[in-house]
Amino acid sequence: MNLKEEDYMIVSIKNKSSFITITTATITLIAIGYYFAETEWKIVEFLRFFVGIILLWIPLGALSYLLLKRQVQEPIVRFTFSAIASYSLTTFIYFALTVFNLELLFYIGIIVIFLGLIIYLIRKKFWLNIHINHLSWRQFDWVLILLIAASLVVNIPYQRTWEYNPTTNTYKSPLDVDYHYFISLAYELARHVPPLQQFNRAGIPDSPYHMFPHLTTVLLSRFTGQTDMLRVQIIYHNIIIAIGMCLALYSIVKILTSSKVAGYLATATMYITAISYPPLMATEFEFGYFTLFPHVSSGIEPAILISPQMYSGILVAYGILLGVLLISIRCYRKQPVDIVLIITAIMVVATSRFRIHVFLPMLPGFVLLVAYGWKRTSQRVYLVAAGLAVALSLLIYLEMQSPIYLSSTTSLSLGLNSLSNPQEWPYRFINEWPFSTKIHDLLSGFIRNSTVFKWVWQILSICTYVALSMIGIPLLIITSIYLFCQPARQEFLLFRSLIVWMTVVSTLGATCLKLSDYNDFPLAGELLGLIRWYPFLLMIPGLYQVYQFLQPHISLTRPTQISLVVAFVVINLAAQQLARPSILMTSLYSEAATVNANERMALTYIHDNTPQNSVTLTDKYLKDRNFVLTSITGRATYLQKDYDDISELILKKFPSENREQVIKDLWATSQSEEFCRLLIATPATNLIEYSTHPLLVNDPACIQLIWESSNQTIPVSSEKVTIWKINR
């Protein structure tokens, strides 16, 4: 081959590469544009969102990125770890300062860090060192960006807040009732941190729940200027989590396999190839059922659709696992690891209020790993990190015991819980695995001691449920293959050990953890919901090990590898769309809350025109548990139907607070004096009256009309809504 032919081939390859890059970039931009159009973004809103997240998360993120320069060389990995660290630690720091009434220091700190970063860049002559070719759009990893953009598009069905029906003039929320509950919690945190009251029982202390995800929503609302907390959570917050999950999975798998193609494939498995497989046996439950690959039914959909706390907690957990992976490599090589280790330690503590179900197994596992690291390397920073994690965790625990919270709601104990009781709902879903009934009857015949039998059945049922319905048989096999490969026993030892620890300890916790004042499901049951997420990180590395083993017999060129990955993604994406809507999505939509146009306008009026510390009172939601009243108004209410176990706990702790009877008496009396006496004794500031169940009293002096629906919309609503201001 002569020189001219070689030049021609080089130019041809470059042109082909440029064409592929241009095509990928074009598809990416189209996907991003489609996503923003479908989720109803406006240009001004996007600019406020973009500026807001820069102001909120760039200070700690950029500072971490600079500090990690020597210990994490790969930019995308360093960026991912720094971003998730900023996501978790920014909220943690805000909470810590606010608890001590030092909220102003948080904003001062952001300004100081920003100025410090600008001064650093100027002193390092950063702008002069930027080369033009580094700014070229061709330098971006467009394949990864395309996968993230496609993931956002796939998530559109999960990000519908309200659907308007012009025929009935009603608004339907396709969200789970819990989402409205969590949005109401965020509004309460916007009023005070920590919360002074329950949003649906104004004046009564709340329990120290997982407030950090909701506090993050509050911070996003403030920094972006978006006052509709429902949109902030469903759109803004979930965008951040989805992008973070994709980047975390890509970074972890790329490190484990040293392959960008494997990283791309892993990124696609999070959302793009997430097919909702049907149950393999009859079940009455919408998720967590037995199927071979339960990523959707036991993983992504329950997190997105039911529990934003879990969704946010998983992102922080993945950030920690990425940090542990980096620590594991440097520990194996006996290299300095101080910055990564300290940041990871504080993130572990932050999970105590992002998701306690991550924290409980994570803290002891992390302490054991750093103890091993200290023994191997003799670096004292490992001991410092362990001490820091334990000390901060103790402070968090002491804060949870504050008298501002509802007493005795954080007491844990060990013992036989009722999680696998086949006679109780919802616990019997733990027994939804093949041949469980026959095995249960067989064991009961062999084991006569009832206590021993309950323990044996509890352990057997939960372990089998985790293996079959949470992890799934294919992932169980693939994970087992990876755990015994050489890299997992050497430089990835700490990472592998933590994955196994989190899976095993979470399963054991589900068998024997109890809450003193609640039923067993909120703690033990929801531990099960996180178990799948840990071995999920090892799926693609496990398949990659199988490929490496078979490679001498089926050698594939890089273009062939990429082609197979693309084909796999496209086929799975098509199958995913055909499988939608899932059983869970269908169930949630059928049970979704609906409000007519008059009520929505009334609740929006309260949101926009009343003080944040206002308290509403109405009789409509005493029996209807949907929380739309507080999620739309953003205001606390005197009483709204809650979960039965929480209602029972409140009545036990506050027996004189029979608020339901007070409301019934208000709507039953026609005497102005009696009505005003009852009303003024409540903390309510506004009263909402519906024409379908009106007050009997006429023109009492203690209430003043401030808004009423005009019924001028077409079609006319059958229900008139009136808002009264309570005069004291």
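Residues numbered from 1 in each chain as written. Predicted model: local features only at pLDDT ≥ 70, side-chain atom pairs only at ≥ 80, totals over all residues. Heavy atoms only, no water.

Student: I tried to follow the overall build of the protein chain on my own but got confused; where do I start?
Tutor: A count of helices and strands for the protein chain gives 29 helices and 10 strands. A compact globule built from 728 residues would reach a C-alpha radius of gyration of about 27 Å, and the protein chain, at 28 Å, matches this within 12%. Oriented by its inertia axes, the alpha-carbon framework of the protein chain measures out at about 105 × 70 × 55 Å. Burial status across the protein chain gives 54% buried among its 728 residues. Across the protein chain, contacts joining residues at least 24 apart in sequence account for 76% of those joining residues at least 6 apart. (Helix = DSSP H or I, 4+ residues; strand = E, 2+ residues; numbered from the N terminus. Rg over C-alpha atoms; globule rule 2.2 N^0.38 Å. Buried < 20%, exposed > 50% of the residue type's maximum accessible area, 1.4 Å probe, protein only. Contact = heavy atoms within 4.5 Å.)

Student: Explanation requested: the side chain of Asp619 in the structure shown.
Tutor: As for its position among the elements, Asp619 is in the loop between β6 (615-617) and α26 (628-633). For the buried Asp619, no salt bridge is present, and the opposite-charge side chain at shortest range is Lys620, 8.8 Å distant. Side-chain polar atoms of Asp619 contact the side chain of His693, separated by 2.8 Å. In this structure Asp619 touches Ile663, Trp667 and His693, once residues within four positions along its chain are discounted. (Lys, Arg positive; Asp, Glu negative; His and termini not counted. Salt bridge = Lys/Arg side-chain N within 4 Å of Asp/Glu carboxyl O. Polar contact = N/O pair within 3.5 Å; in protein donor to acceptor, adjacent residues only side chain to side chain.)

Student: So what exactly am I meant to see when it comes to the sheet that holds strand β5 (residues 593-596) here?
Tutor: Backbone hydrogen bonds hold the strands of a sheet together, and the pairing may be parallel or antiparallel. Taking strand neighbours across the sheet as the criterion, the 3 strands line up as β1-β2-β5 in an open arrangement whose pairing is antiparallel. Edge strands, defined here as strands with exactly one partner in the open sheet, are β1 (163-165) and β5. In this sheet, neighbouring strand axes are inclined to one another by 25° on average, regardless of whether the strands run parallel or antiparallel. Bridging between β1 and strand β2 (residues 170-173) involves 3 bridges; their strand directions are antiparallel. Across the sheet, residue Asn165 finds its bridge partner in β2, namely Thr170. Against the sheet, helix α25 (residues 597-609) contacts β2 and β5, and its axis sits at roughly 90° relative to β5. (Pairing = 2+ DSSP bridges. Axes fitted to C-alpha atoms, helices over the stretch in contact; angles between N-to-C directions.)

Student: Please clarify how the pattern of salt bridges should be interpreted in this entry.
Tutor: Side-chain pairs of opposite charge can arise where the charged atoms are in close proximity. Within the structure shown, the criterion is met by 16 salt bridges. Among the ionic pairs, Asp141 bridges to Lys260, the shortest N-O distance being 3.6 Å. Of this pair, Asp141 sits in the loop between α4 (103-123) and α5 (142-154) while Lys260 is found in helix α9 (residues 260-270), placing the two residues 119 residues apart along the sequence. For Asp141, a relative accessible area of 22% corresponds to the partly exposed category. For Lys260, a relative accessible area of 35% gives the class partly exposed. Glu526 serves as the salt-bridge partner of Arg355, at 2.4 Å between the closest nitrogen and oxygen. Residue Arg355 is found in the loop between α12 (338-354) and α13 (356-377), and its partner Glu526 is found in helix α20 (residues 521-531); the two are separated by 171 residues along the sequence. Overall, Arg355 belongs to the buried group, its relative accessible area being 1%. Take Glu526: its relative accessible area is 24%, and that puts it in the partly exposed class. Connected via shared salt-bridge partners are Glu599, Lys620 and Glu719.

Student: I'm lost on α5 in this one. Help?
Tutor: For an α-helix, the turn length of 3.6 residues means that residues three or four places apart are oriented alike. Under the 1.5 Å per step criterion, the end-to-end length of α5 is 18 Å for 13 residues, consistent within 8% with the ideal 18 Å. Inspection of α5 places Trp142, Leu144, Leu147, Ile148, Ala149, Ser151, Leu152 and Val154 among the buried residues, and these make up the whole buried set. (Expected span 1.5 Å × (residues − 1).)

Student: Even after reading the chapter, I still don't get the packing of aromatic side chains, so can you show me in this structure?
Tutor: Ring pairs (aromatic) are described by centroid distance and by the angle formed between their planes. Across all of its chains, the model carries 29 aromatic pairs by this definition. On the basis of an interplanar angle of 20° and a centroid distance of 6.1 Å, the ring pair of Tyr107 and Phe223 is categorised as stacked. With a gap of 116 residues between them, Tyr107 in helix α4 and Phe223 in helix α7 (residues 212-224) connect regions that are remote in the sequence. Taking the relative accessible area as the measure of exposure, Tyr107 reaches 27% and is therefore partly exposed. Relative accessible area serves as the criterion here: at 17%, Phe223 is assigned to the buried category. A centroid spacing of 5.0 Å and a plane angle of 70° characterise the contact between Tyr181 and Phe627, whose relative ring orientation is edge-to-face. Of this pair, Tyr181 sits in helix α6 (residues 177-191) while Phe627 sits in the loop between β6 and α26; the two residues are 446 residues apart in sequence, bridging distant segments of the chain. Here the two residues Tyr181 and Phe627 agree in accessibility, since each one is buried. In this structure, Arg231 is placed above the aromatic ring of Trp41, and the distance from its NZ or CZ to the ring centre is 5.5 Å. (Phe/Tyr/Trp six-rings, centres within 6.5 Å; stacked < 30°, edge-to-face > 60°. Lys NZ or Arg CZ within 6 Å of the ring centre and 35° of its normal.)

Student: What exactly am I supposed to notice about the confidence of the model for the protein chain here?
Tutor: For any part of a model where pLDDT is low, the fine detail of the predicted coordinates should not be relied upon. Mean pLDDT for the protein chain: 89, with 93% of residues reaching 70 or above. Below a pLDDT of 50 lies the segment residues 3-13, which in the model reaches 2 contacts outside its immediate sequence neighbourhood of four places, other chains included. (pLDDT = per-residue confidence, 0-100.)

Student: Is there a simple way to think about the sheet that holds strand β9 (residues 703-708) in this case?
Tutor: Taking strand neighbours across the sheet as the criterion, the 5 strands line up as β7-β6-β8-β10-β9 in an open arrangement whose pairing is mixed. The open sheet terminates on both sides in strands that have one partner only, identified here as β7 (636-637) and β9.

Student: What should I look at first to understand a positive patch on the surface in this one?
Tutor: A cluster of basic side chains, namely Lys69, Arg70, Arg123 and Lys124, defines a positive patch on the protein surface. Position of Lys124 relative to the elements: it lies in the loop between α4 and α5. Relative accessible area serves as the criterion here: at 53%, Lys124 is assigned to the exposed category. (Patch = residues over 30% accessible without salt bridge, like charges linked within 9 Å, V, L, I, M, F, W, Y side chains within 5 Å. Areas by Shrake-Rupley, 256 points an atom, 1.4 Å probe, with all protein chains shown as cover. Charge placed at Lys NZ, Arg CZ, Asp CG, Glu CD.)

Student: In this structure, what is going on with the side chain of Asp176? I would like to understand it.
Tutor: Relative to the helices and strands, Asp176 resides in the loop between β2 and α6. No salt bridge is formed by the buried Asp176; the nearest opposite charge belongs to Arg625, separated by 7.3 Å. Excluding its chain neighbours within four sequence positions, the residues that come into contact with Asp176 are Leu305, Ile306 and Leu588.

Student: I'm lost on unusual backbone geometry in this one. Help?
Tutor: Most peptide bonds take the trans configuration, and most residues that are not glycine carry a negative phi. The residue after Val193, namely Pro194, is reached through a cis peptide bond having omega -5°. Mapped onto the fold, Pro194 is located in the loop between α6 and α7. Cis geometry is found at the peptide bond from Arg580 to Pro581, where omega equals -5°. Tracing the backbone shows Pro581 in the loop between α23 (558-579) and α24 (583-590). The phi dihedral of Asn169 falls on the positive side, at around 55°, and the residue is not glycine. Mapped onto the secondary structure, Asn169 falls in the loop between β1 and β2. The phi angle at Ser258 is positive, at roughly 55°, despite the residue not being glycine. Inspection of the secondary structure puts Ser258 in the loop between α8 (229-257) and α9.

Student: When you look at empty space enclosed by the protein in this model, what are you seeing that I'm missing?
Tutor: Rolled over the atoms, a probe as big as a water molecule pinpoints where empty space is left. Tallying each qualifying case throughout the model produces 3 cavities of 30 Å³ or more. Put simply, the largest cavity is a space of about 60 Å³. Lining of the largest cavity is provided by Tyr35, Leu152, Asn155, Tyr158, Gln159, Asn238, Ile239, Ala242, Ile304 and Tyr311. Ranked by residues supplied to the lining of the largest cavity, first place goes to α8 with 3 residues. By residue class, the composition of the lining of the largest cavity is 7 nonpolar, 3 polar and no charged. What the second largest cavity holds in volume is close to 40 Å³. Within the residue set of the lining of the second largest cavity, elements represented by two or more residues are α11 (308-332) and α13. (1 Å grid on protein atoms, 1.4 Å probe; cavity = no way out; pocket = protein on both sides within 12 Å on 5 of 7 lines; lining within 4 Å. Points joined across faces, edges and corners; volume = space filled by probe spheres on them. Nonpolar A, V, L, I, M, F, W, Y, C, P; charged D, E, K, R; others polar.)

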